[in-house]
Amino acid sequence: MEAVPGPAMSMVGKLLEEVSWEHATSYRQGGRGRENVLSAEVMMALDFLPRDRFLGAAIRAATGADRARNVLINEIEEAELRFLPGDMTLAPNRSGKDHLVVQPDALITSPNSFVLVEAKRVRASSFQPEQLAREYVATMAHADNRTPLILLLGAEPPVLVRGRGRMSIEDAISSELESVLLRANNEQLAMEGLVERIHDVFCWITWSELSAVIGSQAAGFVTADPSVDASVQRLANSVGSSIAWHA
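Described below are features of the structure shown in this document. Nothing here was measured: the structure is a model prediction, and the numbers come from that model.

Analysis parameters
- Residues numbered from 1 in each chain as written.
- Predicted model: local features only at pLDDT ≥ 70, side-chain atom pairs only at ≥ 80, totals over all residues.
- Heavy atoms only, no water.
- Phe/Tyr/Trp six-rings, centres within 6.5 Å; stacked < 30°, edge-to-face > 60°.
- Helix = DSSP H or I, 4+ residues; strand = E, 2+ residues; numbered from the N terminus.
- Buried < 20%, exposed > 50% of the residue type's maximum accessible area, 1.4 Å probe, protein only.
- Lys NZ or Arg CZ within 6 Å of the ring centre and 35° of its normal.
- Axes fitted to C-alpha atoms, helices over the stretch in contact; angles between N-to-C directions.
- Parallel < 35°, antiparallel > 145°, perpendicular 65-115°, else oblique.
- Contact = heavy atoms within 4.5 Å.
- Nonpolar A, V, L, I, M, F, W, Y, C, P; charged D, E, K, R; others polar.
- Left-handed = near helix turned anticlockwise from the far one by under 90°.
- Pairing = 2+ DSSP bridges.
- Salt bridge = Lys/Arg side-chain N within 4 Å of Asp/Glu carboxyl O.
- Lys, Arg positive; Asp, Glu negative; His and termini not counted.
- Polar contact = N/O pair within 3.5 Å; in protein donor to acceptor, adjacent residues only side chain to side chain.
- Expected span 1.5 Å × (residues − 1).

1. Considering the packing of aromatic side chains
Then, in step 1: Counted by the stated rule, this structure contains two aromatic pairs.
Then, in step 2: Each ring, one from Phe-54 and one from Phe-221, has its centre 6.1 Å from the other, and the planes form 50°; the classification is tilted. Here the residue Phe-54 occupies a position in the loop between helix 3 (35-48) and helix 4 (55-61), and Phe-221 occupies one in the loop between helix 9 (207-219) and helix 10 (226-246), the gap between them amounting to 167 residues.
Then, in step 3: Looking at Phe-221, the relative accessible area reads 9%, which means it is buried.
Then, in step 4: Measuring from ring centre to ring centre gives 5.7 Å for Tyr-136 and Phe-202, while their planes differ by 50°; the resulting arrangement is tilted. With Tyr-136 in helix 6 (residues 131-143) and Phe-202 in strand 9 (residues 202-205), this residue pair connects regions lying 66 residues apart in the sequence. We note that Tyr-136, like Phe-202, is buried.
Then, in step 5: It is Lys-120 that lies over the ring of Phe-127; its NZ or CZ is 4.4 Å from the centre.

In structure tokens, the structure reads:
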């Protein structure tokens, strides 16, 4: 008999699991400035807020990958948001232990959309040289027949790459893509096809833009139930407050 899966770990639980693998002292002062803490606070609120009016509005306000964003927006009410989902291999159909992996900050999935979320700090932070190329390959490998999308949360091009300065997303990926594909042993993905699709997959929104969108949506949100309105306002305000505090 197939085992019945247990309940998924909460965002708070996933954050605590992450803290347990890091130096706990770096999370003093409530983890101020840590992208994992900020992401958990913001994504928890966005998960609970009315989807189309808030998370949907944030996706609409992002820049880039218009078609892929529209696929997600059309299915936003049924989308599942998973925070810190764990390791994703770059060649999911291959057996063995020596795999390249990425660790997304979040995944948003729906019947026809597969979205990897990469969140950066409010303060300036950089990408590792191979990071965007790895995340791109992993997303394309796991999307299957769904539309792939990568949302950069808190970063906009030209992005800061460690040791290389500011780069376009295309240059940051293309400079490492061949090496990543070779070591990933993913024979289902071709270098040429991947380079051509970068524009179709990547989108971004800054933390300040996200805060403004959620604030604007909250200001215009009114129902016939004052208690519902107050609950929505509290959740929406928590997004802006978290972003401001971590800045």
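Structure's up, so let's keep going.
2. Here we look at the packing of helix 6 against helix 8 (residues 191-201)
Then, in step 1: The interhelical angle for the contact between helix 6 and helix 8, taken along N-to-C directions, is 90°, at an axis separation of 12 Å. Overall, the two elements helix 6 and helix 8 adopt an arrangement that is roughly perpendicular. Facing helix 6, whose interface residues are Tyr-136, Val-137 and Met-140, helix 8 presents Leu-194, Arg-197, Ile-198 and Val-201.
Then, in step 2: Class assignment for the residues of the contact of helix 6 with helix 8 results in six nonpolar, no polar and one charged.

3. Quick look at the packing of helix 7 (residues 169-184) against helix 8
Then, in step 1: In the contact formed by helix 7 and helix 8, the axes pass within 10 Å of each other and the chain directions differ by 155°. Relative to helix 8, the element helix 7 lies roughly antiparallel. With respect to the hand of their crossing, helix 7 and helix 8 are arranged in right-handed fashion. Contact residues: Ile-169, Glu-170, Ile-173, Ser-174, Leu-177, Glu-178 and Leu-181 in helix 7; Met-191, Leu-194, Val-195, Ile-198 and His-199 in helix 8.

4. Brief notes about unusual backbone geometry
Then, in step 1: For the peptide bond that leads from Pro-157 to Pro-158, omega is 0°, which places it in the cis range.
Then, in step 2: Note that Pro-158 resides in the loop between strand 6 (147-153) and strand 7 (159-161).
Then, in step 3: With phi around 50°, Ala-65 is a residue other than glycine that occupies positive phi space.
Then, in step 4: Among the structural elements, Ala-65 can be located in the loop between helix 4 and helix 5 (66-74).
Then, in step 5: Even without being glycine, Asp-144 reaches a positive phi, approximately 55°.
Then, in step 6: Relative to the assigned elements, Asp-144 resides in the loop between helix 6 and strand 6.

5. A few points about the sheet that holds strand 6
Then, in step 1: Taken in spatial order, the five strands line up as 1-4-5-6-9 in an open sheet, and their pairing is mixed. Edge positions in the open sheet fall to strand 1 (80-83) and strand 9, since each of these has one partner strand only. Looking at each pair of strands side by side, their axes are set apart by 20° on average, direction ignored.
Then, in step 2: Direction of pairing for strand 1 relative to strand 4 (residues 106-110): antiparallel, over a ladder of four bridges. Following the sheet pairing, Phe-83 is matched in strand 4 by Ala-106.

6. Some thoughts on the pattern of salt bridges
Then, in step 1: Summed over all chains, the structure comprises eight salt bridges.
Then, in step 2: In this structure, Arg-69 and Asp-66 form a salt bridge, with 2.6 Å as the shortest nitrogen-oxygen distance. Residue Arg-69 and its partner Asp-66 are located together in helix 5, separated by three residues, close to a single helical turn.
Then, in step 3: Among the residues examined, Arg-69 registers a relative accessible area of 7% and is labelled buried.
Then, in step 4: Here the residues in one salt-bridge network are Glu-130, Arg-134 and Arg-183, joined through shared partners.

7. Let's talk about the side chain of Asp-105
Then, in step 1: Looking at the element boundaries, Asp-105 is found in the loop between strand 3 (101-102) and strand 4.
Then, in step 2: No salt bridge is formed by the buried Asp-105. Its closest oppositely charged neighbour is Lys-120, at 6.8 Å.
Then, in step 3: A distance of 2.7 Å separates a polar side-chain atom of Asp-105 from the backbone nitrogen of Ala-119.
Then, in step 4: Among residues more than four places away in sequence, those in contact with Asp-105 are Asn-36, Arg-82, Phe-83, Leu-84, Pro-85, Val-117, Glu-118 and Ala-119.

8. Let's talk about helix 6
Each full turn of the α-helix corresponds to 3.6 residues, which orients residues three or four apart in the same direction.
Then, in step 1: Counted at 1.5 Å a residue, the expected span for helix 6 with its 13 residues is 18 Å, and the 18 Å between its end C-alpha atoms agrees.
Then, in step 2: With 11 of 13 residues buried, helix 6 lies mostly within the body of the structure.
Then, in step 3: Where helix 6 terminates, the next one or two residues include Asp-144, which has phi positive at roughly 55°.

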